[in-house]
Amino acid sequence: SLSATALAKEKIYVGTNAEFPPFEYLEKGEITGFDIELMNEMGKVLDAEIKVQDMAFDGLLPALQMKKVDVVIAGMTATEERKKTVAFTQPYYTASQVIIVKEGDNSINSFDDLKGKRVGVMLGFTGDTVVSEIEGVKVERFNAAYAGIMALKADKVDAVVLDSEPAKNYVKQNAGLQIAEADAVQEEYAIALRKNDRELLEKIEKALAEVKANGTYDKLLEKYFN
Ligand code: ARG
């Protein structure tokens, strides 16, 4: 007869930071969003149970290295810097950095226009890197996108630099804000794993290719970004 262990599904421990709608956020206390649904669909392909843990964004890669989680999906940009320490799958979403300002503020039309301004970024996000490279910017670092948005509404910063989809989300939900007409900085989101975890990386790559091929991925794009 089959033993209990033979029947138990493989569990895949996934880390995210659920403060990044629509990729990951809390709804009635549950972690949901595009990334989470994508991961669950990949779990179905692999016949594995997906166990998601919410943590601070800048704690995600350390948690991966310390084997607290085995996979990170968090709207995370596959940067050259991060590639030094972790492996990324093929990209699953092309995003960009945009500038959020108060409605009617037409003084910012490029990233260069941020010079001399107080600019809110989120600690450890790629937006932090982009803005920190511009000379003469007064960078204000926040722990979560929502805190940056609140600071902008309270005029504590002049602009917030954030990924395009969460930016659109916050602008929709908060009256008096707009996305500046500036060229956006492109980047690719991918799933991160430990470099030496070849077997799981291969499985995740296959599952990602499968959900892209079988239409599931397109359905999720439709649902979250119509
Ligand atoms: N794409 C940006 C980065 O990689 C921001 C990601 C933030 N994600 C999150 N779940 N809080 O740095």
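Residues numbered from 1 in each chain as written. Predicted model: local features only at pLDDT ≥ 70, side-chain atom pairs only at ≥ 80, totals over all residues. Heavy atoms only, no water.

## Describing the confidence of the model for the chain
Here the chain shows a mean pLDDT of 95. Residues at 70 or above account for 97%. Note on the complex model: pTM 0.94, ipTM 0.98. (pLDDT = per-residue confidence, 0-100.)

## Overview of helix H2 (residues 34-46)
Helix length check: H2 (13 residues) gives 18 Å between terminal C-alpha atoms against 18 Å at 1.5 Å per residue, within 8%. Burial in H2 covers these residues: Phe34, Asp35, Ile36, Leu38, Met39, Glu41, Met42, Gly43 and Leu46. Where H2 is buried, its residues meet strand S1 (10-16), strand S3 (30-32), strand S4 (48-54), strand S5 (71-72), helix H8 (198-213) and helix H9 (216-225). Looking one or two residues beyond H2, the residue adopting positive phi is aspartate 47, at roughly 55°. (Helix = DSSP H or I, 4+ residues; strand = E, 2+ residues; numbered from the N terminus. Expected span 1.5 Å × (residues − 1). Buried < 20%, exposed > 50% of the residue type's maximum accessible area, 1.4 Å probe, protein only. Contact = heavy atoms within 4.5 Å.)

## Some details on the pairing of strand S9 (residues 138-142)
Direction of pairing for strand S8 (residues 118-122) relative to S9: parallel, over a ladder of five bridges. When the sheet's bridge partners are listed, valine 121 is paired in S9 with arginine 141. (Pairing = 2+ DSSP bridges.)

## What to know about the pattern of salt bridges
Within the structure shown, the criterion is met by 14 salt bridges. The shortest N-O distance in the salt bridge between arginine 141 and aspartate 128 comes to 2.9 Å. With arginine 141 in strand S9 and aspartate 128 in helix H5 (residues 126-132), this pair connects stretches of sequence that are 13 residues apart. In this structure aspartate 128 comes out as buried when scored by relative accessible area, which is 9%. For lysine 168, the salt bridge identified is with glutamate 165, shortest N-O distance 3.0 Å. Note that lysine 168 and glutamate 165 are positioned in helix H7 (residues 164-173) at a spacing of three residues, about one turn of the helix. For lysine 168, a relative accessible area of 43% puts it in the partly exposed group. Overall, the relative accessible area of 12% leaves glutamate 165 in the buried class. What you see here is one network of salt bridges that share partners, running through Asp70, Arg194 and Asp197. (Salt bridge = Lys/Arg side-chain N within 4 Å of Asp/Glu carboxyl O.)

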